[in-house]
Amino acid sequence: MQSHRGRIRRSARIATATAGLALVLSTTACGGGEDGAAATKSSPSNVSATVAGVVAPAKVEVIAGLTGCKVKIRTDADELREGVCHTKEGDYLITTFPQEKFKLTWLDAAAVYGGEYLVGTRWVVSAKPALLEQLRARLGGKIQQLRGVGPTPGPTAS
């Protein structure tokens, strides 16, 4: 019969191995099937973006730190956390979600307003399009265009 300490050590080794495997899979599973040029453009090329892909779901503060911002938390709810960043490059909003389904609901609601957003695993960054591209280089994710709702402007009569 195994001692209590032996079971704890075995559980710790299994947890460590599982976490290591998950890290390897999450960092190597991205970008499969892309040609070289597309992979270079869409794959994170620096360490910050790779780290963000692994830790970004954890905290608004982690994402803000990767972008060089001291964030001010605006919303702290069960479904999401939002923080505002004011930087010399521009202002942006970082939103994280405890589950992917909350992010998808948020994106559905944001679609009413349209615009572009930087979207990752359980996080979204809202900013001007030029800033989103800079942030994408640091965080990874994909820039997603949302369509607004309502009538589109027609041609004007002269």
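As the structure is a prediction and not an experimental result, all values here were calculated from the model.

Trainee: Mind showing me how you'd approach the pairing of strand β1 (residues 72–76) here?
Mentor: Looking along a regular strand, one sees side chains alternate from face to face of the sheet. Counting buried positions along β1 gives zero out of five residues, so the element sits mostly on the surface. As defined by bridge partners, β1 adjoins strand β2 (residues 81–86) across four bridges and the pair is classed as antiparallel. Looking across to β2, one finds that D76 is bridged to R81. Linkage of β1 to β2, two consecutive antiparallel strands, is achieved through a turn of four residues.

Trainee: What's the story with the nonpolar core in this structure? I'm lost.
Mentor: Side chains that are nonpolar tend, in soluble globular proteins, to be buried together. Core analysis: the largest hydrophobic core is formed by 16 residues, its most contacted members being C85, Y92, I94, L118, V125, L135 and L139. For this core, the secondary structure elements donating two or more residues are α4 (60–67), β3 (91–96), β5 (123–126) and α6 (129–139). The element contributing the most residues to this core is α6, with four residues. Beyond its immediate chain neighbours, meaning those up to four positions away, V125 contacts Y92, L93, I94, Y117, L118, L132, L135 and L139.

Trainee: Would you take a moment to explain the pattern of salt bridges for this structure?
Mentor: Close approach of charged atoms lets side chains of opposite charge pair. Throughout the structure, instances matching the rule amount to five salt bridges. A salt bridge links K103 to E100; the nearest nitrogen and oxygen atoms lie 2.5 Å apart. A residue pair is termed a helical-turn pair when its members lie 3 or 4 positions apart in one helix, as K103 and E100 do in helix α5 (residues 100–110) at three residues. Accessibility expressed as a relative area gives 6% for K103, which makes it buried. Accessibility expressed as a relative area gives 32% for E100, which makes it partly exposed. With a closest N to O distance of 3.4 Å, E133 and R136 form a salt bridge. With a gap of three residues between them, E133 and R136 both fall in helix α6, about one helical turn apart. Overall, the relative accessible area of 17% leaves R136 in the buried class.

Trainee: Even after reading the chapter, I still don't get the packing of α4 against α6, so can you show me in this structure?
Mentor: Two quantities define a packed helix pair, namely the angle between the helix axes and the distance between the axes. Orientation of α4 relative to α6, taken along the N-to-C sense of each, is 105 degrees, at an axis distance of 9 Å. Here α4 is positioned roughly perpendicular relative to α6, judged by the angle of their axes. Taking contact as the criterion, the partners of I63, L66 and T67 in α4 are, on α6, L135, R138 and L139. Across the contact of α4 with α6, the residue classes tally to four nonpolar, one polar and one charged.

Trainee: Teacher, can you tell me more about α4 here?
Mentor: Since there are 3.6 residues in each turn of an α-helix, residues three or four apart along the chain are aligned in direction. For α4, every residue scored as buried is listed here: V60, I63, A64 and T67. The arc enclosing the buried residues of α4, seen along the axis, measures out at 100 degrees, which places them on a common side. Contacts from the buried residues of α4 go to β1, β2, β3, β5 and α6. Residue G68 follows α4 closely and has a positive phi angle near 80 degrees.

The rules behind each value
- Residues numbered from 1 in each chain as written.
- Predicted model: local features only at pLDDT ≥ 70, side-chain atom pairs only at ≥ 80, totals over all residues.
- Heavy atoms only, no water.
- Buried < 20%, exposed > 50% of the residue type's maximum accessible area, 1.4 Å probe, protein only.
- Helix = DSSP H or I, 4+ residues; strand = E, 2+ residues; numbered from the N terminus.
- Pairing = 2+ DSSP bridges.
- Core = buried A, V, L, I, M, F, W, Y, C linked by side-chain atoms within 4.5 Å.
- Contact = heavy atoms within 4.5 Å.
- Salt bridge = Lys/Arg side-chain N within 4 Å of Asp/Glu carboxyl O.
- Axes fitted to C-alpha atoms, helices over the stretch in contact; angles between N-to-C directions.
- Parallel < 35°, antiparallel > 145°, perpendicular 65-115°, else oblique.
- Nonpolar A, V, L, I, M, F, W, Y, C, P; charged D, E, K, R; others polar.
- Arc of directions from axis to C-beta.

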